[in-house]
Amino acid sequence: MSTILIQVKDLKKEYRTDEVVTKVLHGLSFSIAKGEFVAIMGPSGSGKSTLMHILGLLDRATSGTYELDGENVNDLSDDELAGLRNKKIGFVFQAFNLLPRTTVMDNVKLPLVYSEDKSDPEKRAREVLESVGLGHRLNYFTNQISGGEKQRVAIARALVNNPSVVFADEPTGNLDSKSGVQVMEILQKLNDAGNTIILVTHETYTAEHADRIIKIRDGLIFDDSKVVNRRIARDGEILK
Amino acid sequence: MFSLIRQCLKNSTASLLANKVRSFLTMLGIVIGVGAVIIIMAVGAGAQSLILAQVKSLGTNLIGVLPGKAENEGPPASAMGIIITTLTYEDAVALRDKKNAPHLSGVVAYSNGVGTASWGSHTYDTNLSGCTADMMDVEGGEIDKGRFFSEEEEKNLAKVVVLGRTVKNELFGESDAIGQRIKIKKHTFEVIGVMAERGTVAFQDYDDKIFLPIRTMQKLMLGVNHVNMIRAKVDYEENITKAMEEVTVTLRDRHDITDQSGAGDDFTVNSAAQALDMIKTITDALRYFLAAMAALSLLVGGIGIMNIMLVSVTERTREIGLRKAVGATNSNISNQFLIESIAITLIGGIIGIVGGGIISFLISLVARFLGYDWAFSLSLLSVILAVSVSSLVGLVFGLYPARKASQLEPVQALHYE
């Protein structure tokens, strides 16, 4: 039995605008162990993005409990949440969200700027960039590289602080299929190396690269099961 | 923290350079504001030094007596052109007496007017300065040719004149004036001397004047008995207070004023040092007032900066969201935007100081070229003030946009389109 990394119980989220209350999550309970590669899947409007935001400490649940790495995060202040995001969480977004007019190197170093650990950011950033195959692009500006490369920079940025978990929100959504495969390959390799990955997607095809899929529909868990025939992304070709 | 600031500065320069025109226009408000303050302070200091130098050139150990009582430390009404007749030639004679005022080394009384002087077919409108014989002892100046009139001539209503350089040139040209007779207001005067060229001292053109004995001026020209002003020279500078006291006592005695508090005085005694102080106070006040007016443009510039920073916050909403996602706290974000707005105003301020300094220097060059004794001074104080005020403007007007940026919800910010 591996250690529990994420444990949520009866997680609910509702938005209030004026007098209208919109319920998005109706009470979710599940746990994710260290080293898992989980896909959270669901159609748009299902609440999967909201769930990812709460799990990623970008948003707060309305009720229910959430323990990350054994720590209850419900009562933490904004600054404490920011500190946890910095230390324990890496994000990869569909739209890359790289800083414009900034070099690849500086983008990857960004989380280290807000980090308490000040041990040679330059060296660490170069290491992770080399690990995603971008050792030759260190001083390029983000507008000078391709979409696939941008997403690999984003992955490097997510990894630079050695997070406990990496959230990937539709990481292949803005990419051509070849770049998409490369990104999935990197995510799988990271998982093989022991990283916990949580992938949010609406595509079954992409979700099947994970080893477990949590399906969300209308704010409830509709299905939670292991992937039987996991897709493996390798060298630009999909092998069953 | 250090690397955070460095990162912020790097980001700021990057985003400033990315919008060069916008950054420049934003900065322009601050550049103009700071530049204007610097120019006004520097040019004001130059003008002030010019004025003070003019007053000082008369000598600082002079005291002046004006008719009429000073009101609330200000100048007496006579200084404003109102004629008060309480001061007489006899007062000046009394002050000349060493028994009354032992610390005075010279006393001159003036009775002034204007008139037209003519020599043959040449005429010239000029200032008539009726004065006592020891005018030059008090005021300085030199005789170029001939002589000044004597105390004897002063008392005897002698019809003699001493011409200022300009008057001599206008009436006589190159020919010799000494011994010639000129006419002023139907009276004939003998020219006994010509003054050496002296120029403008304390805003009076000493060359465009005819000096004549004061009694002659009072009786023949004006038909009055009062004098416009008495000026006296104190033997040593440290005796100025004593001398002023002597003058006051003598005049009260002569005018039968028993009230020693000064409330009943019909004259005012001033020292040049006091006058200098007063002029300095007035010109200082003027300078600071003008600088404050110019500083108002900094306010306008600051509002411009706030506007642009708000635009920048909106434009960079996604960036803010990302920064928060990777661990930036609210204060990290607000510091970043504060540093950026301070950077804009600080750079603007420095450009303003350099630009304003150059312009003030050029103005001083032009003024000196035009013959004014104009000192260029860019005070450290005004530079420090300009730098700190412009940073303060950045801080104050950056505060609201920075706060707005820091309070963006990370989720909304990340998905902002």
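Undergrad: Where do I start with the domain arrangement of chain B in this structure?
TA: Interface size is commonly expressed as the accessible area that is lost once the parts come together. Structurally, chain B comprises domain 1 (2-55 + 277-414) and domain 2 (85-265). Taking only C-alpha atoms into account, the centre of domain 1 of chain B sits 55 Å from that of domain 2 of chain B.

Undergrad: What is the right way to look at the interface of chain A and chain B in this model?
TA: On the chain B side, the residues contacting the 21 residues of chain A number 19 residues. For the side of chain A that touches chain B, the elements supplying multiple residues, two or more each, are α2 (78-88) and α3 (104-113) of chain A. For the side of chain A that touches chain B, a count of residues per class yields 9 nonpolar, 6 polar and 6 charged.

Undergrad: Even after reading the chapter, I still don't get the pairing of strand β1 (residues 4-17) of chain A, so can you show me in this structure?
TA: Successive residues of a regular strand alternate their side chains across the two faces of the sheet. Residues and elements named next belong to chain A. Note: β1 against strand β2 (residues 20-33), 11 bridges, orientation antiparallel. Paired with R16 across the bridge in β2 is V21. Sheet topology note: the β1/strand β4 (residues 63-68) ladder contains 5 bridges and is antiparallel. Across the sheet, K9 pairs through a bridge with T65, a residue of β4.

Undergrad: I would appreciate a short explanation of the sheet that holds β4(A) in the present structure.
TA: Backbone hydrogen bonds hold the strands of a sheet together, and the pairing may be parallel or antiparallel. On the basis of which strands lie adjacent, the open sheet formed by 4 strands has the order β2-β1-β4-β5 (chain A) and antiparallel pairing. Only two strands of the sheet have a single neighbouring strand rather than two, namely β2 and β5 (71-72) of chain A.

Undergrad: Sorry if this is basic, but what is going on with the packing of α3(A) against helix α5 (residues 147-159) of chain A here?
TA: The description of two packed helices rests on the angle between their axes and on the distance between the axes. All names here are of chain A. With their axes 7 Å apart at the nearest point, α3 and α5 run at an angle of 30° to one another. Our classification of the angle between α3 and α5 gives roughly parallel. The way α3 lies across α5 gives a crossing that is right-handed. Residue-level contacts link V104, N107, V108, L110 and P111 of α3 to V153, A156 and R157 of α5.

Undergrad: Looking at this structure, how should I read the sheet that holds strand β10 (residues 220-226) of chain A?
TA: Residue and element names in this part refer to chain A. Read across the sheet, 6 strands follow the order β6-β7-β8-β3-β9-β10 without closing on themselves; strand pairing throughout is mixed. Of all strands in the sheet, those with a lone pairing partner are β6 (89-92) and β10, marking the two edges. Going from strand to strand, the sheet's axes swing by 15° on average, the running direction of each strand aside. Relative to β10, strand β9 (residues 212-217) is paired through 6 bridges, and the arrangement is antiparallel. The residue of β10 that forms the bridge with I216 is I221.

Undergrad: Honestly, the environment of A:D10 in this entry has me stumped. Any pointers?
TA: All names here are of chain A. Structurally, D10 can be placed in strand β1. Sequence spacing of D10 and V20 is 10 residues, and the spatial spacing of their C-alpha atoms is 22 Å. When residues no more than four places from it in sequence are discounted, the contact partners of D10 are G27, S29 and G64.

Undergrad: Please clarify how the confidence of the model for chain B should be interpreted in this entry.
TA: Detailed reading of predicted coordinates is not advised where the pLDDT is low. Per-chain confidence: chain B averages 86 in pLDDT, with 96% of residues scoring 70 or above. Across chain B, strand β5 (residues 160-163) of chain B holds the top mean pLDDT of 94, while helix α1 (residues 2-18) of chain B sits lowest at 73.

Undergrad: Looking at this structure, I do not really get the packing of α5(A) against helix α6 (residues 177-192) of chain A. What am I missing?
TA: All names here are of chain A. It is at 9 Å that the axes of α5 and α6 come closest, and there the two elements cross at 20°. Viewed along their axes, α5 and α6 adopt a mutual orientation that is roughly parallel. The chirality of how α5 crosses α6 is right-handed. Across from G147, G148, Q151, R152 and I155 in α5, the residues of α6 making contact are S179, Q182, V183 and I186. A per-class count over the contact of α5 with α6 returns 3 nonpolar, 5 polar and 1 charged.

Cut-offs used in this document
- Each chain has its residues counted from 1, running along the sequence as written.
- Starting at A for chains and at 1 for ligands, labels are handed out in the order in which the entities are written.
- The predicted nature of this model means local features are confined to residues of pLDDT at least 70 and side-chain atom pairs, given and counted, to a pLDDT of 80 or more, with totals for whole chains, interfaces and linings taken over all residues.
- Where a domain begins and ends is set by an automatic assignment or by a domain database.
- We call two residues in contact whenever the C-beta atoms placed from their backbones are within 7 Å.
- The helix and strand labels rest on DSSP assignments: H or I over at least four residues marks a helix, E over at least two residues marks a strand, and numbering proceeds from the N terminus.
- Each residue receives one of three labels: charged for Asp, Glu, Lys and Arg, nonpolar for Ala, Val, Leu, Ile, Met, Phe, Trp, Tyr, Cys and Pro, and polar for the others, Gly being one of them.
- Strands were regarded as paired on the criterion that DSSP finds at least two bridges between them.
- Here the axes come from fitting lines to C-alpha atoms, over the contacting stretch only for helices, and the angles between their N-to-C directions go from 0 to 180 degrees.
- Angle categories are assigned with fixed cut-offs, so that under 35 degrees is roughly parallel, over 145 is roughly antiparallel, 65 to 115 is roughly perpendicular, and the rest are oblique.
- Left-handed describes a crossing whose near helix is turned anticlockwise from the far helix by less than a right angle; the clockwise case is right-handed.
- pLDDT is defined as a per-residue confidence score from the predictor, taking values between 0 and 100.

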